[in-house]
Amino acid sequence: MSRRIGLPVLLALAAGPCESGGADLGGVTVSLDAYRGPASVTAELEAPFRLRLAVHPAEEEGALVIRVVLPKTGPRAWPAEDVEVRDSRGEAMMVRRAGIEWARLLIPVPAVAASYVVRVVDPRAGESPKPPESARIIMDAPTGLRLGIARWYDGRRAALSIRFDDSHPTHLTRAVPILREYGFRGTFMVNPGAAEPGSRRRSDFAERAAEWRALAQQGDHELANHTAHHRDAKGDEEMEAEIGDAARAIWAMTPGKSTLMALNLGGGTFWETTRNLRYYLDRYHLFDASGNSTGMDDSYGDRVGNFRRMLEQHIERGLWLRVHYHYIGEGLSSSEANFRAALDIAKAHQSALWIAGMADIHKYQTERESARLTLLGSDDARLKFRIACQTDPELHDQPLTLEITRSGGLDASRVAIQDEGGMAVPVRDGDGTGDAVLRFDVAPSEATYSIEPKP
Ligand SMILES: [Zn+2]
């Protein structure tokens, strides 16, 4: 290693993921970016999710850039969207990150002896903790009923989202009509900013704005925030405009709908801001949807076979599979034949899959995790319960599916469910998995229901 860095960091780098000794940075790596010279940086993990950096300039006079890479998975993963960097006076530092790599920080600093703190600001501090999984189940002896919140909407075993990036014309001409043939919902990450003077970048979106508006208003597909122009932002103001302008453009096309949507800052982009990502997510009702997605461009090789394997794994494990496409058509990122072949596989597994928009799935997950079922009372004729979600019903408007089972079976025609106003709630038979299961949907809010199994 020709780069000269401080000893503790050197130990941490050498130790890698299996830590040893006193240089444990909890899986974080720290170095000077693209640097060969006398300066060095040392690091110390002062507390969980609180790292102190110290710059030792030696004879260096030029500017330095500290690179901090935070672990993204495993028990020591940092919540990268909540990370900020402060100098010794407590001032927020400008940090540079690539659009889809928010856990890799580049921090420009002067070559002076100084220390900085990289830390997580807990956005949920003061909020009540999420109820445990057991709070979403009621087992009732008098009625013999078991009530629970389905893992995914309609009791499907897994969720699938199909994303399309960059508001390309083939999304309107190919992807949307083909998805409609299959009856699948897509998520379209658009760049709705107008073409910029002096920029060579066209705005495919602006050229077809009326078609995009019609798509948004039809509502069978979801639009999501891919920033206004798909380019870098230097500073808080530009970043705010790139994210905020895109959010406002999409909101204007979908009046009266929930303003919550997915955000992907885009590959190949760089973002410089003093703020953590959470600031932008909260301000514009966004969630970060850039990670954990499988690219479906033909150039990655055997996309159809890979999709089949991943889909089957996700169904087996009850997880959310996210895939994304760029342009659809011959000679483009994905051929129409390969696109259709993947959709055919999804179709073949459709009874096990909730194929939905990324915001739909995110809402369901968030609502469910914040929900609690409480038994209010029961006798052999009736069970009364309350559901309470902590999510904001204006943003989180995805219905939750409740499931009822009883040993010995249940028949939908012989179960009556009522809301607190006495209105009948439609109930449906499950998909015949052997155990008779009945399902009904409820709004993700606080409400009381009664269940009457008739003899
Ligand atoms: Zn993109």
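For the structure, check the block above.
Below you will find a few notes about this structure. Counting of residues starts from 1 at the beginning of each chain's written sequence and follows it residue by residue. In keeping with the model being predicted, local features are shown solely for residues with a pLDDT of at least 70 and side-chain atom pairs are shown and tallied solely at 80 or more, while totals for entire chains, interfaces and linings include all residues. Excluding hydrogens and water, the side-chain figures rest on all heavy atoms present in the structure.

Turning next to the pattern of salt bridges. Salt bridge, as used here, is a side-chain nitrogen of Lys or Arg placed within 4 Å of a carboxyl oxygen of Asp or Glu. Considering all chains together, one arrives at 35 salt bridges under this definition. R368 serves as the salt-bridge partner of E133, at 2.6 Å between the closest nitrogen and oxygen. Here the residue E133 occupies a position in the loop between β8 (114-120) and β9 (137-140), and R368 occupies one in helix α9 (residues 358-369), the gap between them amounting to 235 residues. Note on exposure labels: buried denotes an accessible area under 20% of the residue type's maximum, exposed denotes more than 50%, and partly exposed covers the range between, all computed with a 1.4 Å probe on protein chains only. Since its relative accessible area comes to 9%, R368 is described here as buried. What emerges from the salt-bridge pattern is a single network uniting D154, R156, R428 and D441. Where helices and strands are cited, they refer to DSSP runs of H or I of at least four residues and of E of at least two residues respectively, numbered from the N terminus.

The next subject is the pairing of strand β13 (residues 222-225). Neither face of β13 is left uncovered, since the one carrying E222 and A224 and the one carrying L223 and N225 both have all their residues buried. Here a strand pair is declared whenever DSSP counts at least two bridges between the two strands. Strand direction decides the pairing type here: strand β12 (residues 186-190) and β13, joined by four bridges, are parallel. Residue F188 lies in a different strand from β13, and its bridge partner there is L223.

The next thing to look at is the packing of aromatic side chains. Think of it this way: a Phe, Tyr or Trp ring, Trp meaning its six-membered ring, pairs with another when their centres are within 6.5 Å, and the plane angle makes it stacked under 30 degrees, edge-to-face over 60, tilted otherwise. Per the stated rule, a full pass over the model turns up 14 aromatic pairs. Each ring, one from Y279 and one from Y280, has its centre 4.8 Å from the other, and the planes form 90°; the classification is edge-to-face. Site record: aromatic cluster; members linked through ring pairs are F164, F188, F205, W212, Y325 and F339. Taking NZ or CZ as reference, R322 lies 3.9 Å from the ring centre of W320, over its face. Definition used: whenever NZ (Lys) or CZ (Arg) falls within 6 Å of the ring centre and also within 35 degrees of the ring normal, the charge is taken to sit over that ring.

Our next topic: the side chain of E242. Mapping E242 onto the fold places it in helix α5 (residues 236-253). For E242, a relative accessible area of 2% translates into the label buried. Side chain to side chain, E242 and R231 meet in a polar contact 3.4 Å long. Whether two residues are in contact is decided by their heavy atoms, any of which lying within 4.5 Å being enough. Other than its neighbours up to four places away in sequence, E242 contacts T227, A228, H229, H230, R231 and W271. Identification of polar contacts relies on pairs of N or O atoms within 3.5 Å, with a donor-acceptor requirement for protein atoms, meaning one able to donate a hydrogen and the other able to accept it, and with residues adjacent in sequence counted only if both atoms are side-chain atoms.

Pairing in this open sheet of four strands is antiparallel, and the strands run β21-β22-β27-β24 from one edge to the other. The open sheet has two edge strands with one neighbour each: β21 (372-378) and β24 (415-419). Neighbour to neighbour, the strand axes of the sheet diverge by 25° on average, direction disregarded. Sheet topology note: the β24/strand β27 (residues 447-453) ladder contains five bridges and is antiparallel. Across the sheet, the residue bridging to D419 is Y449, located in β27. Between N-to-C directions, angles span 0 to 180 degrees; the directions come from axes that are lines fitted to C-alpha atoms, helices contributing only their stretch in contact.

Here we come to the packing of helix α2 (residues 169-182) against helix α8 (residues 336-348). α8 packs onto α2 with a crossing angle of 25° between their chain directions and a minimal axis gap of 11 Å. Relative to α8, the element α2 lies roughly parallel. The hand of the α2/α8 crossing is right-handed. Every residue of α8 that contacts α2 at R174, A175, I178, L179, E181 and Y182 is listed here: E336, F339, R340, L343, D344 and K347. All residues other than Ala, Val, Leu, Ile, Met, Phe, Trp, Tyr, Cys, Pro, Asp, Glu, Lys and Arg, Gly among them, are scored as polar; the first ten of these are nonpolar and the last four charged. Residues that form the contact of α2 with α8 fall into these classes: six nonpolar, no polar and six charged. Here is the rule for angles: anything less than 35 degrees is roughly parallel, anything more than 145 is roughly antiparallel, 65 through 115 is roughly perpendicular, and the remaining ranges are oblique. Handedness of each helix crossing follows the sense of rotation of the near helix against the far helix: counterclockwise by less than a right angle gives left-handed, clockwise gives right-handed.

Further remarks concern the nonpolar core. Note on terminology: a nonpolar core comprises buried Ala, Val, Leu, Ile, Met, Phe, Trp, Tyr and Cys residues joined through side-chain atoms within 4.5 Å. If you look at the biggest cluster of nonpolar residues, it comprises 79 residues, and the most contacted ones within it are L53, I66 and I107. If one sorts the elements of this core by residue count, α2 sits on top with six residues. Filtering out sequence-adjacent residues up to four positions away, I107 remains in contact with L53, L64, V65, I66, V68, V85, M93, M94, V95 and V118. By size, the runner-up hydrophobic cluster in this structure holds 41 residues, among which are A150, L402, A412 and V425.

It is worth spelling out the sheet that holds strand β10 (residues 145-149) at this point. Pairing is antiparallel in the open sheet, where five strands are placed in the order β9-β10-β23-β26-β25. Two strands close off the open sheet at either side, each with one partner strand: β9 and β25 (428-429). In the sheet, strand β23 (residues 400-406) pairs with strand β26 (residues 437-442) via six bridges, with the strands oriented antiparallel. If you follow L402 over to β26, its bridge partner there is F440. Together, β10 and β23 form the strand contacts of α9, whose direction differs from that of β23 by roughly 55°.

Our next topic: the environment of F440. Relative to the helices and strands, F440 resides in strand β26. Linking F440 and I404, residues 36 residues apart in sequence, is a C-alpha distance of 8.6 Å. The contact partners of F440, leaving out residues within four places of it in the chain, are L147, F385, L400, T401, L402, I404, I417, V425, P426, V427 and R428.

Taking 1.5 Å as the rise per residue, α2 with 14 residues should run 20 Å; its terminal C-alpha atoms sit 20 Å apart, in good agreement. Bend at a residue means the angle formed by two fitted axes: the first through the 7 residues ending at that position, the second through the 7 residues beginning there. At A175, α2 shows its strongest bend, of approximately 35°, with the proline P177 following within four residues. All of the buried residues along α2 are T170, H171, L172, A175, V176, I178, L179 and Y182. Those residues of α2 that are buried lie in contact with β11 (158-165), β12, α4 (209-218) and α8. Of the residues trailing α2, G183 is marked for its positive phi of about 75°. A helix is expected to reach a length of 1.5 Å times the quantity of its residues less one.

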